[in-house]
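Residues per chain are reported as follows:
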Amino acid sequence: MLEPTPSVEIRGLMAELETLASISEAAAPSKITAPHKVTASSEIIAPVVTRVVFSNADLRARAYVKDLCQAAGLSIREDAVGNTFCRWAGSEPGLPAVATGSHIDAIPNAGAYDGTVGVLGGLEAIRALQRVGFQPRRSIELVIFTAEEPTRFGIGCLGSRMMGGVLSPEQALALRDRDGRGLEELRTAAGFTGNLKTVALASGHFHGFVELHIEQGPLLEREGLDLGIVTHIAAPASMRIAVEGEGGHAGAMLMPDRHDALAAAAELILALEAAAKTTGVIDTVATVGVCEVFPGAVNSVPSRVLLETDIRDTDASRRDGVLASLRVAAEEIASRRGVRIGFKLINADPPATCDTGILQAVQSATEQSGYTSKRMVSRAYHDSLFVARFAPVAMIFIPCRGGVSHRPDEYASPEWIAAGVDVLARTLAVLAS
Ligand code: GLV
Ligand code: MN
Ligand code: MN
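Residues numbered from 1 in each chain as written. Chains lettered and ligands numbered in written order. Predicted model: local features only at pLDDT ≥ 70, side-chain atom pairs only at ≥ 80, totals over all residues. Heavy atoms only, no water.

A. Focus on the overall build of the protein chain. In terms of regular secondary structure, the protein chain is built from 12 helices and 19 strands. Relative to the 2.2 N^0.38 estimate, which gives 22 Å for 433 residues, the radius of gyration of the protein chain is 23 Å and therefore close to what a compact globule would have. Principal-axis analysis of the C-alpha atoms places the extent of the protein chain at approximately 80 × 50 × 40 Å. A burial count over the protein chain gives 54% of its 433 residues as buried. At a minimum sequence separation of 6, the contacts of the protein chain that also span at least 24 residues come to 79%. As displayed, the protein chain offers around 17,400 Å² of accessible surface, 54% of which is attributable to carbon and sulfur atoms. The distance from the centre of the 40 positive side-chain charges to the centre of the 50 negative ones in the protein chain is 1 Å. (Helix = DSSP H or I, 4+ residues; strand = E, 2+ residues; numbered from the N terminus. Rg over C-alpha atoms; globule rule 2.2 N^0.38 Å. Buried < 20%, exposed > 50% of the residue type's maximum accessible area, 1.4 Å probe, protein only. Contact = heavy atoms within 4.5 Å. Areas by Shrake-Rupley, 256 points an atom, 1.4 Å probe, with all protein chains shown as cover. Lys, Arg positive; Asp, Glu negative; His and termini not counted. Charge placed at Lys NZ, Arg CZ, Asp CG, Glu CD.)

B. Main features of the domain arrangement of the protein chain. By the assigned domains, the protein chain splits into domain 1 (10-234 + 351-432) and domain 2 (236-348). The distance between the C-alpha centroids of domain 1 and domain 2 comes to 33 Å. On the side of domain 2, 14 residues touch domain 1, which itself brings 14 residues to the contact. Summed over both partners, the interface of domain 1 with domain 2 buries about 1,100 Å², with 52% contributed by carbon and sulfur atoms. When residues of domain 1 are sorted by the area they lose upon contact with domain 2, Arg178, Ala234 and Arg379 head the list and together hold 44% of the total. (Domains from an automatic or database assignment. Buried area = accessible area lost by both parts, 1.4 Å probe.)

C. Representation of the site of ligand 1 within the structure. Near ligand 1, the surroundings consist of Glu148, Glu149, Arg312, Ala380, Tyr381 and His406. Between ligand 1 and the protein, one listed contact pairs an oxygen atom with a side-chain N or O atom of Glu148 at 3.4 Å. A distance of 3.2 Å separates an oxygen atom of ligand 1 from a polar side-chain atom of His406. Starting from 200 Å² of accessible surface for ligand 1 in isolation, the protein chains cover 93%. Of the pockets mapped on this structure, ligand 1 occupies the largest pocket. (Near = heavy atom within 4 Å. Polar contact = N/O pair within 3.5 Å; in protein donor to acceptor, adjacent residues only side chain to side chain. 1 Å grid on protein atoms, 1.4 Å probe; cavity = no way out; pocket = protein on both sides within 12 Å on 5 of 7 lines; lining within 4 Å. Sits in = over half its atoms within 2 Å of the grid points.)

D. Looking closely at the packing of aromatic side chains. Across all of its chains, the model carries 5 aromatic pairs by this definition. Between Trp88 and Phe134, the ring centres sit 6.3 Å apart and the planes meet at 65°, which makes this aromatic pair edge-to-face. Here Trp88 is found in strand 5 (residues 84-88), whereas its partner Phe134 is found in the loop between helix 3 (116-131) and strand 8 (140-145), with 46 residues between them in sequence. The two residues Trp88 and Phe134 agree in class, both being buried. Ring centres of Phe145 and Phe209 lie 5.7 Å apart, and the angle between their planes is 80°; this geometry places the pair in the edge-to-face category. One end of the pair, Phe145, is in strand 8; the other, Phe209, is in strand 9 (residues 206-214), and 64 residues separate them in sequence. Like Phe145, the residue Phe209 is buried in the burial classification. (Phe/Tyr/Trp six-rings, centres within 6.5 Å; stacked < 30°, edge-to-face > 60°.)

E. Just the sheet that holds strand 15 (residues 304-313), in detail. Strand order in the open sheet formed by 4 strands is 13-15-11-16, and the pairing between neighbours is antiparallel. Among the strands making up the open sheet, the edge pair consists of strand 13 (285-294) and strand 16 (340-348). The mean angle between the axes of side-by-side strands here comes to 15°, regardless of whether they run parallel or antiparallel. Bridge count between strand 13 and strand 15: 9 bridges; the pairing is antiparallel. Bridged to Cys291 within strand 15 is Leu307. This element, helix 8 (residues 261-278), spans strand 11 (235-244), strand 13, strand 15 and strand 16 of the sheet and lies at about 5° to strand 15. Here helix 9 (residues 316-337) sits on the sheet in contact with strand 11, strand 15 and strand 16, set at roughly 10° to strand 11. (Pairing = 2+ DSSP bridges. Axes fitted to C-alpha atoms, helices over the stretch in contact; angles between N-to-C directions.)

F. Structural view of the coordination of the manganese ion (ligand 2). The protein atoms donating to the manganese ion (ligand 2) are Asp114 (OD), Glu149 (OE) and His406 (NE2), with metal-donor distances spanning 2.0 to 2.1 Å. Each donor residue of the manganese ion (ligand 2) belongs to the same chain, with the gaps between them written as D-x34-E-x256-H. Between the two metals, the manganese ion (ligand 2) and the manganese ion (ligand 3), the spacing is 3.7 Å, and Asp114 donates to both. Pair noted here: Asp114 is in the loop between strand 7 (106-110) and helix 3 and Glu149 is in the loop between strand 8 and helix 4 (158-163), with a separation of 35 residues, a long-range link. An identical accessibility class is assigned to Asp114 and Glu149; each is buried. (Donors = N, O, S within 2.8 Å, 3.2 Å for Na, K, Ca; no water.)

So this is what it looks like as structure tokens:
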């Protein structure tokens, strides 16, 4: 039992989350009416957050969080891809540190809590421990991972993936964004220049890693639970698919002569949806979230389409079955329509299993504070998926209203966040002692 009890300064943390949300590439925050009454006026600020990695907003957000970390007396190290380690030195600094953290990049049109609760909540957990005079034996590090979101390079968890040695420097340097710009150019412009080989961390580098995150699903709120204790993280895969047809004049090109790339892509999208539904298992999900049409003119038959697909399952072999069915469907569509369909697999990762010892520490902390919880699977991916390659991990979920995430109306209440930070602080204290 941690004595005296750490107490979370939730008002300050909420204000920091709001400030961070205001650092966005998107237009200024607007007010929306909340589905549940959360303020006296039943209106909440719903900032539209867009913070793509290495954008100006990403760099300003990093600066804001680093300032807060410095104010808390943490020392800061940035690696060659911009992963940022903010360290509270323990009394035995040579021991592997205990780490927490998440990401502050955000997909286009996102909300204020995805990733940020794990970063600013992690910082508040450290400050709460500092306030009660806790002295860690192991150092405690807050990690801000680079590009958990796949928006720029099409691949999720860039920073943690490289940290886990899952993506080599050569593979990382071959990545391109949609404007053809590569990691080298973009990281250098952002001020990150070291040798990319040094990003990978050795097994055992961390004594343990605990990530706090919003659930991004509806179960905790629906079941009236305070917290989720994550036992597994589902296996994600993504692909870029290029459909090459034949363009031409939308008025003059006769229908029997057409090889319309978008019409073929539409069939492909439906084939993917059907393949995911065919498993009959709720854990299989598939999405086409990007569809770029060339040349993109109303009076021009589409000659080329780029799709980006996201396919996940708690069972990697079942997910791979969906990928295989999609390829079979693509062959048939391509030959019937006279188009070419090319696949580029971006990633197909195995699921991760959380560490039983850290899960037990989280469970005990939850019980000490009197919170209700359940063990659950994360269907979203997180940096923990890749930290698990070199350190024992666990995750703490807090509810989010309506299960909404990756939208501006994403919302987690101060009470939910305070509970998550409280349990995180207690868990870090046990692991660092
Ligand atoms: C993370 O943002 C995910 O897409 O699961
Ligand atoms: Mn996200
Ligand atoms: Mn996230």
